[in-house]
Amino acid sequence: MTNKRSKRTHAVHGGTRRSQYGEVSEAIFMTQGFVYETAEAAEARFISAGDDEFIYARYGNPTVAMFEDRIALIEGAEDAFATASGMAAVSGALTSMLKAGDHVVSSSALFGSCHYVLDEVLRRFGVEVTFVDGTDLDQWRAALRPDTAAVFFESVSNPALEVVDIRAVCGLAHAVGAMVVVDNVFASPVYSDAIAQGADVVVYSATKHIDGQGRALGGVVLGTRDFIRNTLEPYMKHTGGSMSPFNAWIMLKGLETLELRVRAQTDSALAVTRAVQGHPALARALYPGHESHPQFDLCRAQMGKGGTVLSLDLKGGKKAAFAFVNALEIAVISNNLGDAKTIVTHPATTTHQRLPEDQRMKLGITPGLVRVSMGIEDTDDLVGDILQALDAV
Ligand SMILES: Cc1ncc(COP(=O)(O)O)c(C=O)c1O
């Protein structure tokens, strides 16, 4: 399909491969392997497999290929590789491109597992890692060196919702020859223009908005054909982090409704942020799509909209945060985001529990902070639920 179509059209049709039955809904090729007509055909395929020739599901599978091609079209990337989870995508992208002795610069505002990969795994294998405040371009400038091989950041940080300037950081990183890997989960493919803004590699946890219905884990790495096929694929297919065909089918169907869901969730996130302004129980309401956010202009220029997640910081600390969360009637308490159901998370005691307290405070993960991932329920119902729970505090 031509690249000129809009994301929404690619999300429905991109990458489709029909079997001899001409099915409307994409087929699940629930097979680990493929039969060869002859021994010679098997030998030929192992020497060089063509675009639609498959060998083993750890290497590739028709349903997985449909998902990869569809999301590459949506993202405007040359190619994609689907992974078993978002963390398989983050760790695969970084470990496939790095070697002992390399230097990496990363923003410090990271999801707990991303922090573990950068701070523990890479360091254990002899990679030097420098952490910076991702919102401070002077810190990026000071940390980048001629031997910096890669730069990593979450374009909108989890859960403090700080926005990193993709275009500016890519400019600085490329000046020293470093590859830029962007974890773009909070932007979602709907509000992403990361490749056009200079990112070399974009990763998503498909578990979030792409599935969007809480069913399956998945991830994806997007980039140039050369990087995906010659650097990432050999690493992933031999280390085993590939996506299962069944999960690829879930993600493929998730992509079809992605934009409709994410735009509705974003509208509700803005409506809630507006409704809670000045509430006496709140110290701050953080939402990059609201003019009260310090990086509102950057967010608007980079993503267009503020995304599906906001964070509420309650004045009364952990006690007030727990009281608020427990008083909610529609929103559920869990730790995913981007779901059709509104989900609240208390990061300090769950997703970011492993960070030492001083580090959490530095990243704005206060005891009163509650992350709210807006679902697709009725906006007025959600505003009402959040206001009544704040009033209960
Ligand atoms: C920013 C970010 N990156 C990566 C991940 C990891 O994704 P997964 O849980 O699919 O491995 C998450 C999950 O919460 C996340 O929020």
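Quick look at the structure, then. (Residues numbered from 1 in each chain as written. Predicted model: local features only at pLDDT ≥ 70, side-chain atom pairs only at ≥ 80, totals over all residues. Heavy atoms only, no water.)

**Here we look at the overall build of the protein**
Per the secondary structure count, the protein includes 13 helices and 12 strands. For the protein, whose C-alpha radius of gyration is 21 Å, the value lies close to the compact-globule estimate of 21 Å for 393 residues. Overall, the C-alpha framework of the protein stretches about 75 × 50 × 35 Å when taken along its three principal axes. A burial count over the protein gives 55% of its 393 residues as buried. (Helix = DSSP H or I, 4+ residues; strand = E, 2+ residues; numbered from the N terminus. Rg over C-alpha atoms; globule rule 2.2 N^0.38 Å. Buried < 20%, exposed > 50% of the residue type's maximum accessible area, 1.4 Å probe, protein only.)

**Points about the sheet that holds strand β9 (residues 309-314)**
Spatially, 5 strands are ordered β8-β9-β12-β11-β10 in an open sheet, and the strand pairing comes out mixed. Both edges of this open sheet fall to β8 (282-286) and β10 (332-333), since each of them pairs with a single strand only. Sheet analysis places β9 next to strand β12 (residues 369-373), joined by 5 bridges and oriented antiparallel. When the bridges of β12 are listed, valine 309 appears paired with serine 373. (Pairing = 2+ DSSP bridges.)

**Points about the nonpolar core**
Counting residues in each nonpolar core, the largest one holds 57 residues, and the members touching the most others are Phe67, Ile71, Trp140, Val151, Phe153, Ile210 and Leu222. With 7 residues, helix α9 (residues 245-276) is the single largest residue contributor to this core. Here valine 151 is in contact with Val105, Trp140, Leu144, Val169, Ala173, Ala178, Met179, Val180 and Val181, once residues within four sequence places are set aside. (Core = buried A, V, L, I, M, F, W, Y, C linked by side-chain atoms within 4.5 Å. Contact = heavy atoms within 4.5 Å.)

**A word on the environment of glycine 171**
In this structure, glycine 171 sits in helix α7 (residues 166-175). For glycine 171, a relative accessible area of 43% puts it in the partly exposed group. Measuring from C-alpha to C-alpha, the distance between glycine 171 and glycine 198 comes to 7.5 Å, with 27 residues separating the pair along the chain.

**Some points on the site of the ligand**
The environment of the ligand is made up of 13 residues, and the closest members are Met87, Asp183, Ser205, Thr207 and Lys208. Within the contact set of the ligand, an oxygen atom lies 2.8 Å away from a backbone nitrogen or oxygen of glycine 86. At a separation of 2.6 Å, a nitrogen atom of the ligand approaches a polar side-chain atom of aspartate 183. Expressed as a share of its isolated accessible area of 400 Å², the protein-covered part of the ligand is 91%. Partitioned by chemical class, the residues of the shell around the ligand number 4 nonpolar, 6 polar and 3 charged. (Near = heavy atom within 4 Å. Polar contact = N/O pair within 3.5 Å; in protein donor to acceptor, adjacent residues only side chain to side chain. Areas by Shrake-Rupley, 256 points an atom, 1.4 Å probe, with all protein chains shown as cover. Nonpolar A, V, L, I, M, F, W, Y, C, P; charged D, E, K, R; others polar.)

**Description of the side chain of threonine 207**
Note that threonine 207 resides in the loop between β6 (201-205) and β7 (219-223). Polar side-chain contacts of threonine 207 include one of 3.1 Å to the backbone nitrogen of glycine 218. If we skip the residues at most four places from it in the chain, threonine 207 touches Gly86, Gly212, Ala216, Leu217, Gly218, Met251 and Asn336.

**Digging into the pairing of β6**
Of all 5 residues that make up β6, 5 are buried, and the element is covered over most of its length. The pairing of β6 with β7 spans 4 bridges and is antiparallel. Paired with tyrosine 204 across the bridge in β7 is valine 220.

**A few points about the pattern of salt bridges**
Counted according to the given criterion, the structure contains 21 salt bridges. Salt bridges sharing common partners tie together Glu68, Asp79, Arg225, Arg229, Glu233 and Lys237. (Salt bridge = Lys/Arg side-chain N within 4 Å of Asp/Glu carboxyl O.)

**Quick look at the packing of aromatic side chains**
The geometry of an aromatic ring pair is captured by the separation of the ring centres together with the interplanar angle, meaning the angle of the planes. This structure, assessed with the given rule, holds 5 aromatic pairs. Here the aromatic rings of tyrosine 56 and tyrosine 59 are separated by 6.3 Å at their centres, their planes lie at 85°, and the arrangement is edge-to-face. Here the basic side chain of lysine 237 rests over the ring of tyrosine 59, its NZ or CZ set 4.5 Å away from the ring centre. (Phe/Tyr/Trp six-rings, centres within 6.5 Å; stacked < 30°, edge-to-face > 60°. Lys NZ or Arg CZ within 6 Å of the ring centre and 35° of its normal.)

**Section: helix α4 (residues 86-97)**
The end-to-end C-alpha distance of α4 is 17 Å, a good match for the 16 Å that 12 residues give at a rise of 1.5 Å each. Burial analysis of α4 places 9 of its 12 residues in the buried class, which makes it a mostly covered element. Listed in full, the buried residues belonging to α4 are Gly86, Ala88, Ala89, Val90, Gly92, Ala93, Leu94, Ser96 and Met97. The opening residue of α4, the one whose side-chain oxygen lies 3.3 Å from the backbone nitrogen of methionine 87, is serine 85. (Expected span 1.5 Å × (residues − 1).)

**A closer look at the sheet that holds strand β3 (residues 128-132)**
Taken in spatial order, the 7 strands of this open sheet run β1-β7-β6-β5-β4-β2-β3, and their pairing is mixed. Either end of the sheet is taken by a strand with one partner, and the two such strands are β1 (79-83) and β3. On average, each strand axis in the sheet is tilted by 20° relative to the strand beside it, whichever way the strands run. Note: β1 against β7, 5 bridges, orientation antiparallel. Opposite threonine 83, over in β7, you have glycine 219 as the bridge partner. In the packing of α4 onto the sheet, the strands contacted are β1, β4 (148-154), β5 (179-183), β6 and β7, and the crossing angle to β6 comes to about 155°. Taken strand by strand, helix α5 (residues 112-124) contacts β2 (103-107), β3, β4 and β5, and its axis lies near 150° from that of β3. (Axes fitted to C-alpha atoms, helices over the stretch in contact; angles between N-to-C directions.)

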